[in-house]
There are 2 protein chains.
Amino acid sequence: MPAPKPGKPVRGSKTGRPIMALLDLLGRRWVLRIGWELHDGRALSFRALQLACGGVSPTVLNQRLRDLRDADLVELLDGEGYRLTKDGEVLLEMLAPLDQWAKRWARKTK
Amino acid sequence: MPAPKPGKPVRGSKTGRPIMALLDLLGRRWVLRIGWELHDGRALSFRALQLACGGVSPTVLNQRLRDLRDADLVELLDGEGYRLTKDGEVLLEMLAPLDQWAKRWARKTK
DNA sequence: CAGTTTGCTACATTATCCGTAGCATACCGA
DNA sequence: TCGGTATGCTACGGATAATGTAGCAAACTG
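Since the structure is predicted, the reported quantities are computational estimates derived from the model, not experimental observations.

J.: Tell me what's going on with the overall build of chain A, and back it up with residues and numbers.
T.: Within chain A, the regular secondary structure consists of six helices and two strands. Along chain A, from the amino end to the carboxyl end, the secondary structure elements read α-α-α-α-β-β-α-α. Along the three orthogonal principal directions, the C-alpha set of chain A runs to about 40 × 40 × 25 Å. Within chain A, the fraction of its 110 residues that count as buried is 51%. The contacts in chain A between residues at least 6 apart in sequence include a share of 42% that link residues at least 24 apart. As displayed, chain A offers around 5600 Å² of accessible surface, 50% of which is attributable to carbon and sulfur atoms.

Shown next, in the form of structure tokens:
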């Protein structure tokens, strides 16, 4: 499955609405987690990122990184490793409050 | 794979950190989309929801709905169909700005 | 020149998803 | 009482995606 692009039909939507492409992308396995590990300008090498994600298989990791790079959310810097782009940072700042929500969730679920 | 719970080990994390469980849940296929279709208190029948999601197979849809119900994000109301719980609404309000972001993204990607 | 680290690929196995068909229950009008 | 329709949902077989292990080629390091 190719990386979702706004304007193109994606899984479950032929209209090309940007939000649909985004939901498709973010809903792919490991994408949210990868973003989470890279937030706040943190750059990680392929292997460090793999480790941070609890040992994802390099196959999927690489595929997701390609998806994210195609979407201009992540970039590979020579000698620095992978890092969020400016756009990627903006997107992930939006997801930051999820951490708080999750903590409340944990308290309630007990 | 069982529905992720805060406090329990999930895919890629054995620590039980709530955010990890949440990222696992939200990263499952169709979860974000289902939430998106149900936002703002909208209740949809199983079949209407299936249609709204572009014809997802009922197998996965049911599995995801079960995940979401286990997480108390979604509930099935007799005669009303599926709807977000209060917690679910709060979570989805956080994701609302994604729509704006996606639109800017679309403009840039052109 | 051996050892390490880099990003990444190959390959076989397993898990997940998909599409279609269909079941059981409940309602609704004739 | 008999379709017809809608409900939530399951069965099943085939397609697709993810996993785990091994390893390669290039760059750097001692």
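Now that the structure is up, let's keep going.
J.: For the interface of chain A and chain B, give the residues involved together with the corresponding values.
T.: Facing the 43 residues of chain A at the interface are 43 residues of chain B. In this assembly, chain A packs against chain B so that about 3800 Å² is buried in total across both faces, 73% of it on carbon and sulfur atoms. Across the contact surface, chain A and chain B share two salt bridges. Across the pair K108(B) and D87(A) runs a salt bridge whose closest N-O atoms are separated by 3.0 Å. Put simply, chain A and chain B have six residue pairs in polar contact (both at pLDDT 80 or more) between them. Broken down by secondary-structure element, the contributors of at least two residues to the side of chain A that touches chain B are helix 1 (18-26), helix 2 (31-38), helix 5 (86-95) and helix 6 (98-109) of chain A. Looking at the side of chain A that touches chain B, the element that brings in the most residues is helix 6 of chain A, giving ten residues. Grouping the constituent residues of the side of chain A that touches chain B by class yields 26 nonpolar, five polar and twelve charged.

J.: Please give an account of the protein's contact with DNA strand C that cites residues and values.
T.: With respect to spatial proximity, 21 residues lie near DNA strand C, and among them F46(A), R47(A), N62(A), Y82(A) and T59(B) are the closest. When the atoms of DNA strand C within 4 Å of the protein are grouped by moiety, sugar and phosphate amount to 54% of the total. A distance of 2.4 Å separates a phosphate oxygen of DNA strand C from a polar side-chain atom of N62(A). Contacts to DNA strand C include T59(B), whose side-chain N or O atom sits 2.9 Å from a base oxygen. Looking at the surface near DNA strand C, the elements with two or more residues in it are helix 3 (46-52) and helix 4 (58-70) of chain A together with helix 4 (58-70) of chain B.

Cut-offs and rules
Residues numbered from 1 in each chain as written. Chains lettered and ligands numbered in written order. Predicted model: local features only at pLDDT ≥ 70, side-chain atom pairs only at ≥ 80, totals over all residues. Heavy atoms only, no water. Helix = DSSP H or I, 4+ residues; strand = E, 2+ residues; numbered from the N terminus. Buried < 20%, exposed > 50% of the residue type's maximum accessible area, 1.4 Å probe, protein only. Contact = heavy atoms within 4.5 Å. Areas by Shrake-Rupley, 256 points an atom, 1.4 Å probe, with all protein chains shown as cover. Buried area = accessible area lost by both parts, 1.4 Å probe. Salt bridge = Lys/Arg side-chain N within 4 Å of Asp/Glu carboxyl O. Polar contact = N/O pair within 3.5 Å; in protein donor to acceptor, adjacent residues only side chain to side chain. Nonpolar A, V, L, I, M, F, W, Y, C, P; charged D, E, K, R; others polar. Near = heavy atom within 4 Å.

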